[in-house]
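Letter by letter, the chains look like this.
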Amino acid sequence: MTATTSRSDASPGPSRRRLLAVGGALALGPLLAACGNDDKDTPDSSAEAAASSGPWSFKDDRGRTARTDKKPETIVAFVSTAAALYDYGVECEGIFGPSEPVDGKPNPQAGDMDVSELTSLGTAWGQFSVEKYAALRPDLLISNMFPPPGLWYVPEESKDKVESLAPTVGISVARTSLLNPLKRTSELAESLGADLSAKKVTDAKARFQKAVQTLRTAAQANGGLKVMAVTGDKDNFYVAVPDSYCDLNYFKDLGVEFVEGKKSDEWGFWEFLSWENANKYHADLIMVDNRSTSMSPEQLDEKATWRQLPAVKAGQTTPWSMEERFSYAGWAPVVERLAAAVEKSKKLHA
């Protein structure tokens, strides 16, 4: 996020305009084996080639079935979706959405990908380059949905052109449990050639499941601890509506007690407050949106009402990975981090 990017470029909600206002190199060549590369030195290459030569299809969360004559090789995806596929060994050639470094560090939405090797179609809402997309000769485009049927970061005015160039797949990540997009993304990856029995994949899932149990235990041991998920811009302070976010929804199932923001508009992702009313709710632990499009901790600290919140004064804040990649490798450390924060946080006086 640049210094001039506003809150309206940062998150789903609080209005459709704000929801959708969140907010290259040449193509590098064929994907690796996980995307159907026919490597003659690989023992199973003939089987992989045969599999990739047949028709491919996948029914997405819009109920639409994407079809291609063979397994897609040139894949373009929203950055965190591409990062999730990468964790399964499926590589994309093009990405769109926030991928630029943050304070000199890799963008958290990019996961373990080296985005410098990928063609970026744009990093902010409205920057999706249809020309660059067409030049890649894409086989498939994939994105998340907040909520269906819109594909995240694909501008509405470009949708028809984008869909005319290649099939599209949407994974729903709003108003559902975290377990659903995790499952659906793994199914999509498998259809694209991922080996879900690979040790890297099974180890990541085992780590995630262990982290889940740790968080469940921590929430039970620290019952009554109030957790609030937030973001902000220069004008407003936003409190999340937990059931609208798949991670908060799932964390509630594990016993985490959230401050329940009230739906401020028909999209229902946030309750938005003036900074003067940032103390409307009491919270013992605050989860702070960590996306590059959101206010940094330093920017938040410039707000006097933020500094006076009991949780902030007590140092009881933790990053909120609001658009984490939907792989077990992506979410395991996120759940571990929240579990540790819940464990060490103390109940504060309102």
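Reference entry: report on the structure contained in this document. (Residues numbered from 1 in each chain as written. Predicted model: local features only at pLDDT ≥ 70, side-chain atom pairs only at ≥ 80, totals over all residues. Heavy atoms only, no water.)

### Side note on the nonpolar core
Core analysis: the biggest nonpolar cluster contains 82 residues, and F208 and F251 have the highest contact counts within it. Of all the elements, helix α12 (residues 328-344) adds the most residues to this core, at 9 residues. Those residues in contact with F251 that lie beyond four places of it in its chain are L215, V256, F258, M287, W331, V335 and L338. Formed by 18 residues, the second largest nonpolar core is a distinct cluster that contains M228, F237, I286 and V288. (Core = buried A, V, L, I, M, F, W, Y, C linked by side-chain atoms within 4.5 Å. Buried < 20%, exposed > 50% of the residue type's maximum accessible area, 1.4 Å probe, protein only. Helix = DSSP H or I, 4+ residues; strand = E, 2+ residues; numbered from the N terminus. Contact = heavy atoms within 4.5 Å.)

### Notes on the sheet that holds strand β4 (residues 94-96)
The strand order across the open sheet built from 5 strands is β5-β4-β3-β6-β7, with neighbouring strands paired in parallel fashion. Strands at the two margins of the open sheet, each flanked by one partner only, are β5 (119-120) and β7 (168-172). Looking at chain direction, strand β6 (residues 140-145) and β7 are connected through 5 bridges and run parallel. Each residue of the ladder has a partner; that of L141, found in β7, is T168. Those strands touched by helix α3 (residues 79-87) are β3 (75-78), β4 and β6, and its axis lies near 120° from that of β3. (Pairing = 2+ DSSP bridges. Axes fitted to C-alpha atoms, helices over the stretch in contact; angles between N-to-C directions.)

### Observations regarding the pairing of strand β12 (residues 285-289)
Among the 5 residues that make up β12, 5 are buried, leaving the element largely enclosed by the rest of the structure. The pairing of strand β8 (residues 226-232) with β12 spans 4 bridges and is parallel. Among the inter-strand pairings, M228 is bridged to a residue of β12, identified as I286. In this sheet, strand β13 (residues 317-320) lies alongside β12 in parallel orientation, the contact comprising 4 bridges. Opposite V288, over in β13, you have P319 as the bridge partner.

### Some words on empty space enclosed by the protein
As a volume, the largest cavity reaches approximately 60 Å³. Lining the largest cavity we find D247, F251, M287, T318, P319, W320, S321, W331, V334, R337 and L338. Secondary structure elements with two or more residues in the lining of the largest cavity: α8 (246-253), β13 and α12. A per-element tally of the lining of the largest cavity places α12 first, with 4 residues. Partitioning the lining of the largest cavity into residue classes produces 7 nonpolar, 2 polar and 2 charged. Quantified by volume, the second largest cavity comes out at close to 50 Å³. Along the walls of the second largest cavity sit A219, N222, G223, G224, L225, V227, G255, V256, E257 and V342, which together make up its complete lining. The class makeup of the residues in the lining of the second largest cavity is 5 nonpolar, 4 polar and 1 charged. (1 Å grid on protein atoms, 1.4 Å probe; cavity = no way out; pocket = protein on both sides within 12 Å on 5 of 7 lines; lining within 4 Å. Points joined across faces, edges and corners; volume = space filled by probe spheres on them. Nonpolar A, V, L, I, M, F, W, Y, C, P; charged D, E, K, R; others polar.)

### Some thoughts on the packing of aromatic side chains
Counted under the stated rule, the structure contains 17 aromatic pairs. Members of the aromatic cluster, joined through ring pairs, are F78, F96, W125, F128, Y133, F146, W152 and Y153. One cation-aromatic arrangement involves R175 over F269; the distance from NZ or CZ to the ring centre is 5.0 Å. (Phe/Tyr/Trp six-rings, centres within 6.5 Å; stacked < 30°, edge-to-face > 60°. Lys NZ or Arg CZ within 6 Å of the ring centre and 35° of its normal.)

### Topic: the pairing of β6
Burial within β6 is extensive, with 6 of its 6 residues counted as buried. When β3 meets β6, the two strands line up parallel, connected through 3 bridges. When the sheet's bridge partners are listed, A77 is paired in β6 with I142. Viewed along the sheet, the connection from β6 through helix α5 (residues 159-165) into β7 turns out right-handed. (Right-handed = clockwise from strand over helix to strand, strands pointing away.)

### Brief notes about the pattern of salt bridges
Enumeration according to the criterion identifies 19 salt bridges in this entry. As a salt-bridge pair, D87 and R325 come within 2.5 Å of each other at their nearest N and O atoms. Separated by 238 residues along the polypeptide, D87 in helix α3 and R325 in the loop between β13 and α12 bring together distant segments of the chain. With respect to burial, D87 and R325 carry one shared label: buried. Of the charged contacts, one joins K252 and D243 as a salt bridge, the two residues approaching to 2.9 Å between their closest N and O atoms. Taking the relative accessible area as the measure of exposure, K252 reaches 28% and is therefore partly exposed. Through salt bridges that share partners, D60, R62, R64 and E163 make up one connected network. (Salt bridge = Lys/Arg side-chain N within 4 Å of Asp/Glu carboxyl O.)

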